[in-house]
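Structural features, examined
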Amino acid sequence: MKKVKLTLKDVAEKLGVSTATISNAFNRPDQLSAARRDAILAACKEIGYSGPNKAAQILRKGQSNIVALVLADNIEYMVSDPVASTFIRGVSSVLQDAQKHLLLYAGNAQTITDVADFVDGFICYGAPQNPKLGEELRQLSKPVVTVDFNLEGCPSVNIDNENAAFQIAMEALEEGGRAAILGLKLIDSPVTCRVYDSPLLDSDSAISHRRLDGYFRAMKRKNCDINNEWIWHIPESGGNFARQAANEVLSISPRPQTVLCMSDMIALELLQCALSKGIKVPQELKITGFDGIDEARRTRPVLTTVCQSSIEKGETAAKLLLEGEQADSVILDFELLNGGTI
């Protein structure tokens, strides 16, 4: 049987009190004696009334104490990714201290207008898979903070991805050597494939493109040939997508001397694949990663990678959001972990 939703007026009539008294019992307890409030709340519970409409309260007050975290991709994939999940922990810790709640929102959703009226602001982690969301965020009057990409008029949190990629590539590449790149989300394709002549995603909205620019700069400095046939697009970090690219790059003859990977998850798949084929790392194959996840330090040999603090990135993004209009963009530090794979 369908329940009938009680209004504030219905409850007041049933209990024989004013609507103001009911509202005070839920929202302004200092306006009633403790005994009076307890009696009203007990009576409301008995008739199945849990309080005034929260959505209406949010619209009236303009504040919900809820922050939406817009993820770049679908939620299932993002929360399973060690970099993204660590970032989420950083955001959550700051918001919890500020007595704010966190709402996860998928970057492949159709629109953010469904929740825009009910949250106090947005943190956008990575350029959304649906570019329409970025346009909607840019037009909102509510605070928006972006992470790992830039949105006009919004403060952002980044590292210098191009410089980080350049530095680690300079450490790994051999003068005039053969190099391949296992990229992450370089083109608009749902499958693992070589880039060839496909148009690359815009550098302002794709950190992978900025990392690619850093790799290219190092390859030019080291006089290495830049060949799009030796650049792979991988739609998701790790798993079967990365495993396919790893097997393909290791099947090339002659094989690359160095493979630059745009995430640690991709690099770890390549490392395991190489070792299973009897390829010696780093004697026969040099591998670099990017992110600095815990697994990169535990593998043998230890992965050479770019370390960035995803916890700090999440904390910084949340703090910027809470600052509101006073917030300025932040570039965080990174460091190279010189492991045993180069």
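This section reports on the structure supplied with the text. Residue numbering note: each chain is counted from 1, following its sequence as written. It should be noted that, the model being predicted, local features are given only for residues of pLDDT at least 70 and side-chain atom pairs only at 80 or more, the latter also being counted only at that level, while totals for whole chains, interfaces and linings use all residues. Values shown for side chains rest on all heavy atoms present in the structure; no hydrogens or waters enter the calculation.

What about helix α12 (residues 264-276)?
With 13 residues, α12 should cover 18 Å at 1.5 Å per step; its first-to-last C-alpha distance of 18 Å lies within 8% of that length. Exposed residues in this analysis have more than 50% of their type's maximum accessible area, buried residues have under 20%, and partly exposed residues fall in between, with area computed by a 1.4 Å probe over protein chains only. Segments assigned H or I by DSSP are reported as helices when at least four residues long, segments assigned E as strands when at least two residues long, and all are numbered from the N terminus. Regarding α12, the residues found buried are D264, I266, A267, L268, E269, L270, L271, C273 and A274. Just beyond α12, the residue with positive phi is G278, at close to 80 degrees. Here the expected span of a helix is defined as 1.5 Å times the quantity of residues minus one.

Notes on the pattern of salt bridges
For this document, the term salt bridge refers to a Lys or Arg side-chain nitrogen within 4 Å of an Asp or Glu carboxyl oxygen. Tallying each qualifying case throughout the model produces 9 salt bridges. As a salt-bridge pair, K286 and E174 come within 3.7 Å of each other at their nearest N and O atoms. Linking K286 in strand β10 (residues 286-288) with E174 in the loop between α9 (161-172) and β6 (179-184), this pair joins segments that are 112 residues apart in sequence. You can call K286 buried: its relative accessible area is 18%.

Description of the packing of aromatic side chains
Aromatic pairs are defined between Phe, Tyr and Trp rings, using the six-membered ring for Trp, whenever the two ring centres lie within 6.5 Å; interplanar angles under 30 degrees are classed as stacked, those over 60 as edge-to-face, and all others as tilted. Per the stated rule, a full pass over the model turns up 2 aromatic pairs. With centroids separated by 5.7 Å and ring planes inclined at 90 degrees, the aromatic side chains of F26 and Y49 adopt a geometry described as edge-to-face. Remark: Y49 occurs in the loop between α3 (34-47) and α4 (54-61) and F26 occurs in helix α2 (residues 19-27); sequence separation between them is 23 residues. We classify F26 as partly exposed; its relative accessible area is 24%. Both rings, one in F87 and one in Y125, keep their centres 4.0 Å apart while their planes meet at 10 degrees; by these two values the pair is stacked.

Quick notes on the nonpolar core
Take the buried Ala, Val, Leu, Ile, Met, Phe, Trp, Tyr and Cys residues and link them wherever side-chain atoms come within 4.5 Å; each set so joined is a nonpolar core. In this structure, I123 and L182 are the most contacted members of the largest nonpolar core, which totals 77 residues. By definition, residues are in contact when any of their heavy atoms lie within 4.5 Å. Apart from the residues lying within four places of it in its own chain, the contact partners of I123 are V67, A68, L69, V70, F87, V91, V145, V147, A317, A318 and L321. Judged by nonpolar contacts, the second largest core, of 16 residues, contains V119, L133, F149 and L151.

Notes on unusual backbone geometry
Residue S253 is joined to P254 through a cis peptide bond whose omega torsion reads -5 degrees. Put simply, V281 and P282 share a cis peptide bond, and its omega is 10 degrees. With respect to the helices and strands, P282 occurs in the loop between α12 and β10. Positive phi is not limited to glycine here, since D148 has a value of about 70 degrees. Its location among the elements puts D148 in the loop between β4 (144-147) and β5 (156-159). Phi at Y196 is positive, roughly 50 degrees, even though this residue is not glycine. Take Y196: it is sitting in the loop between β7 (193-194) and α10 (207-221).

Considering the side chain of S208
Note that S208 resides in helix α10. With residues near it in sequence (within four places) discarded, S208 still touches L184, K185, L186 and M262.

Comments concerning the environment of A127
Within the secondary structure, A127 sits in the loop between β3 (121-125) and α8 (131-139). What makes A127 partly exposed here is its relative accessible area of 23%. When the C-alpha positions of A127 and G90 are compared, they lie 19 Å apart, and in sequence the two are 37 residues distant.

Description of α10
Under the 1.5 Å per step criterion, the end-to-end length of α10 is 21 Å for 15 residues, consistent within 8% with the ideal 21 Å. Taken across its 15 residues, α10 has 11 buried, putting it largely inside the fold. Those residues of α10 that sit buried are I207, S208, H209, R210, R211, L212, G214, Y215, F216, A218 and M219. Against β5, α9, β6, β8 (231-234) and β9 (258-261) lie the buried residues of α10. Positive phi shows up at N223, right after α10, with a value of about 60 degrees.

A look at the pairing of β9
Regular strands have side chains that alternate between both faces of the sheet. Alternating residues of β9 divide into T258 and L260 and V259 and C261, and every residue in both groups is buried. Two strands are counted as paired when DSSP detects at least two bridges linking them. As judged from the 4 bridges shared by β6 and β9, these two strands associate in the parallel manner. Paired with A179 across the bridge in β9 is T258. In this structure, β9 lies alongside β10, joined through 3 bridges in parallel fashion. Pairing of V259 across the sheet is with I287, part of β10.

What to know about the environment of A68
Summarising the element assignment, A68 is placed in strand β1 (residues 66-71). For A68, a relative accessible area of 0% corresponds to the buried category. Spatially, the C-alpha atoms of A68 and C124 are 8.3 Å apart, while their sequence positions differ by 56 residues. When residues no more than four places from it in sequence are discounted, the contact partners of A68 are L103, V119, G121, F122 and I123.

Considering the side chain of D291
For D291, the location among the structural elements is in the loop between β10 and α13 (294-298). By relative accessible area, which is 10% here, D291 ends up buried. Whenever a nitrogen or oxygen atom comes within 3.5 Å of another N or O atom, the pair is scored as a polar contact, on the condition that within protein one atom can donate a hydrogen and the other can accept it, and that pairs from neighbouring residues in sequence are kept only if both atoms are in side chains. Among the polar contacts listed, one links the side chain of D291 to the side chain of Q308, at a separation of 2.9 Å.

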